[in-house]
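# Breakdown of the fold
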Amino acid sequence: MSLEQAQLDKKAHIAAKLYLKPGMKVLDVGCGWGGLAMYLHRHYDVDVLGVALAPDQIEFSNERAAAAGVADRVKFELKDYRDVEGQFDRITSVGLIEHLGTPHYPGFFSHMHRLLKEDGVMFSHCCGRMGEPGVTDKWTRKYIFPGGYIPALSELVSEAEKNRLIVTDVEAMRYHYALTLEEWYYRTNAAEAEITELYDARFFRMWQFYLAGAEAAFRHGGLVNWQLQYVKRRDAIPMTRDYMDEEGRRLRGLEEPPEWHLSRAAE
């Protein structure tokens with residue numbers, strides 16, 4: 001499928017695991033460009049607060065919410081997650097944990113426990129290691145993700161256990177990100193002139209190298225995507241995970257990817 005369709009299906013997959021009901025309060029930690037928050041409000045009539053530390057992301061996300069006429073229900077704030085107060089029915093984070101670093105895991109899970117209501121559900125999607133804990137290579141740490149670290153499943157589960165969060169679902173997405181990186185690599189090459197003008201040729205080669213290496217790591221090496229679901233109370237979600245499959249299928253039938261995007265599949 002196209003990258004755009006895959007992105008929509010990813011949001012549907014995440015939403016299905018959140019077991020959402022209209023009127024709930026949702027916290028999106030590390031909200032990016034606001035796409036997931038907008039999606040959750042659109043399909044479930046929930047109130048969403050997205051927080052991130054990138055001013056351009058927050059500005060753009062608030063513009064999106066205002067343009068859609070939902071700025072009173074979907075809000076984005078330039079804020080560290082440690083400064084968020086209140087309680088939420090649902091908490092989601094996508095691609096956030098990789099940027100925390102292991103020294104911050106205890107504080108992160110402790111604060112998420114405080115923010116999550118007793119019958120709440122927390123969801124996390126991140127890049128992960130299939131094996132034991134490791135280290136970030138020096139090149140990536142210097143040029144791509146300063147301070148970044150890809151966690152092993154054991155590190156995510158152990159910190160949840162210490163903070164009384166029950167791990168209720170774990171999914172290893174083994175090949176998805178390799179296909180995503182392949183498409184990013186293709187689109188990066190197609191935009192070489194634009195990227196070189198915006199930055200320089202050295203940056204372009206560096207990014208090429210990163211994408212190619214990351215694809216190899218997710219296709220043949222020891223990296224996967226982890227998706228974990230956490231609760232405080234075991235009765236916060238249905239007994240079996242059938243609801244995830246049923247809701248995911250329903251959501252995937254509701255939207256088509258934007259036609260104004262060009263994709264490799266379309267060409």
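These numbers were taken from a predicted model, which means no experiment stands behind them.

For the protein chain, the count of helices and strands is 10 helices and seven strands. For the protein chain, whose C-alpha radius of gyration is 19 Å, the value lies close to the compact-globule estimate of 18 Å for 267 residues. The C-alpha extent of the protein chain, read off along each of the three principal axes, is 50 × 45 × 35 Å. Considering only contacts in the protein chain between residues 6 or more positions apart, those separated by 24 or more positions represent 77%. On the protein chain, roughly 14100 Å² of surface is accessible, and the fraction owed to carbon and sulfur atoms is 54%. One way to put it: in the protein chain the 33 positive side-chain charges average out to a point 5 Å from where the 40 negative ones average out.

A general tendency of soluble globular proteins is for nonpolar side chains to be buried together. Core analysis: the biggest nonpolar cluster contains 28 residues, and Leu 27, Val 29, Ile 91, Phe 108, Met 112, Met 122 and Tyr 230 have the highest contact counts within it. Residues within four places of Ile 91 in sequence aside, it is in contact with Leu 18, Leu 27, Val 29, Met 112, Leu 115, Leu 116, Val 121, Met 122 and Phe 123. Judged by nonpolar contacts, the second largest core, of 25 residues, contains Leu 18, Leu 20, Cys 31 and Tyr 39.

What follows deals with the sheet that holds strand β6 (residues 166-173). Read across the open sheet, the seven strands follow the order β3-β2-β1-β4-β5-β7-β6; overall the sheet is mixed. Single-partner strands in this sheet number two, and they are β3 (74-78) and β6. Across the sheet, the mean angle separating the axes of adjacent strands is 15 degrees when strand polarity is ignored. Bridge analysis of β6 against strand β7 (residues 223-231) gives seven bridges, and the strand direction is antiparallel. Within β7, the position partnered with Glu 171 by the bridge is Gln 227.

Attention now goes to the pattern of salt bridges. Within the structure shown, the criterion is met by 16 salt bridges. Two residues, Arg 42 and Glu 255, come together in a salt bridge whose shortest N-O distance is 3.2 Å. Here Arg 42 is found in helix α2 (residues 35-44), whereas its partner Glu 255 is found in the segment after α10 (242-252), with 213 residues between them in sequence. Judged by relative accessible area, Arg 42 falls into the partly exposed class, the value being 47%. Salt-bridge contacts for Glu 118 lead to Lys 232; the nearest nitrogen and oxygen are separated by 3.4 Å. In this pair, Glu 118 sits in strand β5 (residues 116-129) while Lys 232 sits in the loop between β7 and α10, placing the two residues 114 residues apart along the sequence.

Atomic detail in the predicted coordinates should be set aside for any region of low pLDDT. The predicted model of the protein chain has a mean per-residue pLDDT of 94, with 96% of residues at 70 or higher. Counted against residues more than four places away or in other chains, residues 260-267, with its pLDDT under 50, gives 14 contacts.

We now examine the pairing of β3. Direction of pairing for strand β2 (residues 47-52) relative to β3: parallel, over a ladder of five bridges. Of the residues in β3, the one forming a bridge with Ala 52 is Leu 78. Each parallel crossover has a hand, and for β2 linked through helix α3 (residues 55-67) to β3 it is right-handed.

It is worth spelling out the pairing of strand β1 (residues 25-29) at this point. Within β1, four of the five residues are buried, which leaves the element mostly enclosed by the surrounding structure. Between the parallel pair β1 and β2, the chain is carried across by α2, and the sense of this crossover is right-handed. Taken together, the four bridges between β1 and strand β4 (residues 88-94) define a ladder with parallel strand orientation. Paired with Leu 27 across the bridge in β4 is Ile 91.

Each value, and the rule that gives it
- Residues numbered from 1 in each chain as written.
- Predicted model: local features only at pLDDT ≥ 70, side-chain atom pairs only at ≥ 80, totals over all residues.
- Heavy atoms only, no water.
- Helix = DSSP H or I, 4+ residues; strand = E, 2+ residues; numbered from the N terminus.
- Rg over C-alpha atoms; globule rule 2.2 N^0.38 Å.
- Contact = heavy atoms within 4.5 Å.
- Areas by Shrake-Rupley, 256 points an atom, 1.4 Å probe, with all protein chains shown as cover.
- Lys, Arg positive; Asp, Glu negative; His and termini not counted.
- Charge placed at Lys NZ, Arg CZ, Asp CG, Glu CD.
- Core = buried A, V, L, I, M, F, W, Y, C linked by side-chain atoms within 4.5 Å.
- Buried < 20%, exposed > 50% of the residue type's maximum accessible area, 1.4 Å probe, protein only.
- Pairing = 2+ DSSP bridges.
- Axes fitted to C-alpha atoms, helices over the stretch in contact; angles between N-to-C directions.
- Salt bridge = Lys/Arg side-chain N within 4 Å of Asp/Glu carboxyl O.
- pLDDT = per-residue confidence, 0-100.
- Right-handed = clockwise from strand over helix to strand, strands pointing away.

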